[in-house]
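Commentary on secondary and tertiary structure
Given next are the chains, with one letter for each unit.
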Amino acid sequence: MDQAWPESTRDNLRFLCSEVDSQYGWLQAFVSAPTAAMARKLLERQGYAENLCQRIEQACPEARNHKRSHARARFQQSLVEVASGLARLSELARSCLEQLIRVDDVQLVDDVVLVKSLRRVRRGILRSEMSLENGSLSLALKLARSREKLKRDSEGRIRALTGQLKKKRAPAEDLTHLLFVAREISQMGEVLGQLGEAVISATLGQSLNFERYASLTHLVNELGDGSQTAGEMRVDTLAETRSGSRISGIASEKPSERAVEKVSDKGNDKGKPANDKQQGSKAGESGGSKQKGSKQKGSKQKGSKSKDRKTDASESKGSKSRDRKSRDRKSAGDLPLTSPEYLAIFKDGLGRKVEEERQGVERWHDIYPGIAPRILSHHQQGDSAALLIEHLPGMTLEHLLINESSRLNRTAQQALVETLHSVWTTTRRDKPVTAGHMRQLLKRLSDVYQIHPEFRHCGASLCGREMPSLEALIEQAAGLERSLEAPFAVYIHGDFNVDNILFDPAKQSIRFIDLHRSAYQDYVQDVSVHMVSHYRLQLTDAALRARILALALSFGQQMRRFAHEQGDTTFEWRLALGLARSFATSTRFILDAGLAGRMFNRARFILEHVLGADPERPADYRIPLEELFVD
């Protein structure tokens, strides 16, 4: 494996493997011919493996520190996991022996089956050292598959022993000890599986279990032209979602032009913008997707205004001359272009969640082609599933807000507003809908209180007047909401946070990701979620925060104009309820007590404000956005 081994760890790992293998050799000998001397030899080795494991852990400080080199830290973490697993195997060998010693009738011990299982373990110990030393994925996979083989051995033995217990053909105490032995064999298999996964993770540079690797291999084989394998791919962690899904960028360690062309040609062309091929290997879900404010490499290349880039930008601008443009929309020649050279995005998680994502993307291709990434491949593996998704160029709006210039942010917002106008007018259905903001808020309130118990109403009063609880305000607002239908439905994103929207400066275009909640609904839901996702960004720079809140306010004002153009007379009321819902429910993701408190108080203020308005004159109500989006 092409990694720098910390000093002495290679030797200590070899000593550790040799020690644990010897212990299993003695256990195997005891099973074949039980003697007190052989049992004593194994029991007296207690602590040897643990000491070697501790030496390896002490030599791997970066296993707990990812600030310097991620690849090196991942390798050291895998090295520690292998050492800990070998130490655990040593414990299981002694535990197995202690149970066997207590069996009075040695004829009950199925030495043939047990010796076979122990030989599997010893092969696994040897493979753990060799696979980590050589970076061999094939050996690591064999090691990981030991889990199922030893599990089958254990389950077969448990069935046989349980049958004997039911028929009372042998002393129950002896059979019970042997059941514990069978359980230890299963646990040995589990440890070997974990060792295999640790080596796979070290080789690929990212934490991957066996199921994830199997899905990745399957999808990469479908993606490529056979010239590259999963072992030749670099896997970069991009994000882990709150629903448990993981998002990774797949890049080739050996760049292949043919593989890149394969990505461009595969998948559902219906969802592909006509000029995607201009980006070459930058076609995909997004290197910037979900980077939660982390600044991408090269995102501010102030001195890189080369003639070539200006030429490319002017061509991009010319190709869009038919589109409606804002007067302050500038040439992309001096805009930063940030997008890692990923072949595709690998997203995996629970099968149900991944399937929702797949269906959401496909629906967008049918309803409004070109806004969503293409699904390149889909794979089901047990209860898990994975998608290989087109890698889209550009950056998330979250990255843009935190790291880029005001001018570029204004350009991106104008592109977003124009895109929303187009999507909403194209997908409009003249059928009234109700978003149910208050119902959503009540549903999530317990989660809010779990993180912030101080938000619970405890008989608070102001100037001797008891203040109503938030629940009471929600109940009143829910009654009002039932009479505030949106006059039409549009196809909305459903989770319109700033980290789910991509802006490509080169094309000055907007794309959407994370689409599992999309549906025909009130457009105010996306508006309110988007505005609050600006407010909840946790920033200490006051000037930057003020700029971001000003952009949120600007977005709200432009949405207000859209509503007026559509003759939507209850927009302000519904926006108020949507913002109250988003301000309150978003606090469950905020541990900063000050920021969470300000958001929660805004939710209360909005509800009190809207409940104090005259419902008989809906066109007169106006939510005070200027007071909400300022600190």
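Everything in this summary refers to the structure shown in the same document. (Residues numbered from 1 in each chain as written. Predicted model: local features only at pLDDT ≥ 70, side-chain atom pairs only at ≥ 80, totals over all residues. Heavy atoms only, no water.)

What about the overall build of the protein chain?
If you tally the helices and strands in the protein chain, you get 20 helices and 12 strands. Relative to all contacts within the protein chain whose residues are 6 or more apart in sequence, the contacts with residues 24 or more apart total 79%. Of the roughly 28,200 Å² of accessible surface on the protein chain, a fraction of 48% belongs to carbon and sulfur atoms. (Helix = DSSP H or I, 4+ residues; strand = E, 2+ residues; numbered from the N terminus. Contact = heavy atoms within 4.5 Å. Areas by Shrake-Rupley, 256 points an atom, 1.4 Å probe, with all protein chains shown as cover.)

Observations concerning empty space enclosed by the protein
Inspection of the entire model under this criterion finds 3 cavities of 30 Å³ or more. Its boundaries defined by the atoms lining it, the largest cavity holds a volume of some 120 Å³. Lining of the largest cavity is provided by 13 residues; of these, Asp110, Val113, Leu114, Arg157 and Val181 occupy positions nearest its centre. Going through the elements one at a time, helix H5 (111-134), helix H6 (137-167) and helix H7 (172-204) are the ones with two or more residues in the lining of the largest cavity. Around the second largest cavity sit Leu397, Leu400, Leu401, Asn409, Ala412, Gln413, Leu416, Val498, His530, His534 and Leu551, which together line it. Going through the elements one at a time, helix H12 (397-403), helix H13 (406-427) and helix H16 (524-535) are the ones with two or more residues in the lining of the second largest cavity. With 4 residues, the single largest contributor to the lining of the second largest cavity is H13. In terms of residue class, the lining of the second largest cavity is built from 7 nonpolar, 4 polar and no charged. (1 Å grid on protein atoms, 1.4 Å probe; cavity = no way out; pocket = protein on both sides within 12 Å on 5 of 7 lines; lining within 4 Å. Points joined across faces, edges and corners; volume = space filled by probe spheres on them. Nonpolar A, V, L, I, M, F, W, Y, C, P; charged D, E, K, R; others polar.)

Here we look at the pairing of strand E3 (residues 344-350)
Counting buried positions along E3 gives 6 out of 7 residues, so the element sits mostly inside the fold. Pairing between E3 and strand E5 (residues 384-389): 6 bridges, direction antiparallel. Bridge pairing in E5 places glycine 349 opposite alanine 385. (Buried < 20%, exposed > 50% of the residue type's maximum accessible area, 1.4 Å probe, protein only. Pairing = 2+ DSSP bridges.)

Here's the deal with unusual backbone geometry
Phi is mostly negative for residues that are not glycine, and the peptide bonds are mostly trans. We note that serine 8 has phi near 75°; this positive angle belongs to a residue other than glycine. Taking relative accessible area as the criterion, serine 8 reaches 39% and is therefore assigned partly exposed.

Digging into the pattern of salt bridges
For the coordinates displayed, the defined rule picks out 25 salt bridges. The closest approach of N and O atoms between arginine 352 and glutamate 356, which form a salt bridge, is 3.4 Å. With arginine 352 and glutamate 356 both in helix H11 (residues 351-367) and 4 residues apart, the pair spans about one turn of that helix. You can call arginine 352 exposed: its relative accessible area is 52%. Judged by relative accessible area, glutamate 356 falls into the partly exposed class, the value being 26%. What you see here is one network of salt bridges that share partners, running through Arg10, Arg14, Glu129 and Glu133. (Salt bridge = Lys/Arg side-chain N within 4 Å of Asp/Glu carboxyl O.)

Points about the nonpolar core
If you look at the biggest cluster of nonpolar residues, it comprises 91 residues, and the most contacted ones within it are Phe512, Tyr523, Leu579 and Phe629. In terms of residues, this core owes the most to one element, helix H17 (residues 542-565), which gives 10 residues. Sequence-distant contacts of leucine 579, defined by excluding residues within four places in its chain, comprise Ser528, Met531, Val532, Ile606, Ile623, Leu625, Leu628 and Phe629. Ala87, Leu100, Leu114 and Leu195 belong to the second largest nonpolar core, which has 57 residues in total. (Core = buried A, V, L, I, M, F, W, Y, C linked by side-chain atoms within 4.5 Å.)

Observations regarding the packing of helix H1 (residues 9-32) against helix H3 (residues 48-58)
Look at H1 against H3: their axes get within 9 Å of each other, and the N-to-C directions meet at 160°. Between H1 and H3, the interaxial angle falls into the category roughly antiparallel. For H1 against H3, the interelement crossing comes out left-handed. Here H1 contributes Thr9, Asn12, Leu13, Phe15, Leu16, Glu19 and Val20 to the contact with H3, which in turn contributes Tyr48, Ala49, Leu52, Cys53, Arg55 and Ile56. Taken together, the residues of the contact of H1 with H3 sort by class into 9 nonpolar, 2 polar and 2 charged. (Axes fitted to C-alpha atoms, helices over the stretch in contact; angles between N-to-C directions. Parallel < 35°, antiparallel > 145°, perpendicular 65-115°, else oblique. Left-handed = near helix turned anticlockwise from the far one by under 90°.)

Points about the side chain of threonine 419
Position of threonine 419 relative to the elements: it lies in helix H13. Judged by its relative accessible area of 15%, threonine 419 is buried. Look past the residues within four positions of threonine 419 in its chain and what remains in contact with it is Ile371 and Ile510.

Overview of H3
Those residues of H3 lying buried are Ala49, Leu52, Cys53 and Ile56. Along H3, the residues classed as buried sweep out an arc of 100° about the axis, all on the same side. (Arc of directions from axis to C-beta.)

Here we look at the packing of aromatic side chains
Evaluation of the coordinates by the stated rule reveals 15 aromatic pairs. The interplanar angle of 10° and the centroid separation of 6.0 Å between the aromatic rings of tyrosine 523 and phenylalanine 571 together place this pair among those described as stacked. With a gap of 48 residues between them, tyrosine 523 in the loop between strand E12 (519-521) and H16 and phenylalanine 571 in helix H18 (residues 571-586) connect regions that are remote in the sequence. Given the relative accessible area of 2%, phenylalanine 571 is considered buried. Note on tyrosine 535 and phenylalanine 583: the rings are 5.3 Å apart at their centroids and 85° apart in plane angle, and the pair reads as edge-to-face. Residue tyrosine 535 is found in helix H16, and its partner phenylalanine 583 is found in helix H18; the two are separated by 48 residues along the sequence. (Phe/Tyr/Trp six-rings, centres within 6.5 Å; stacked < 30°, edge-to-face > 60°.)

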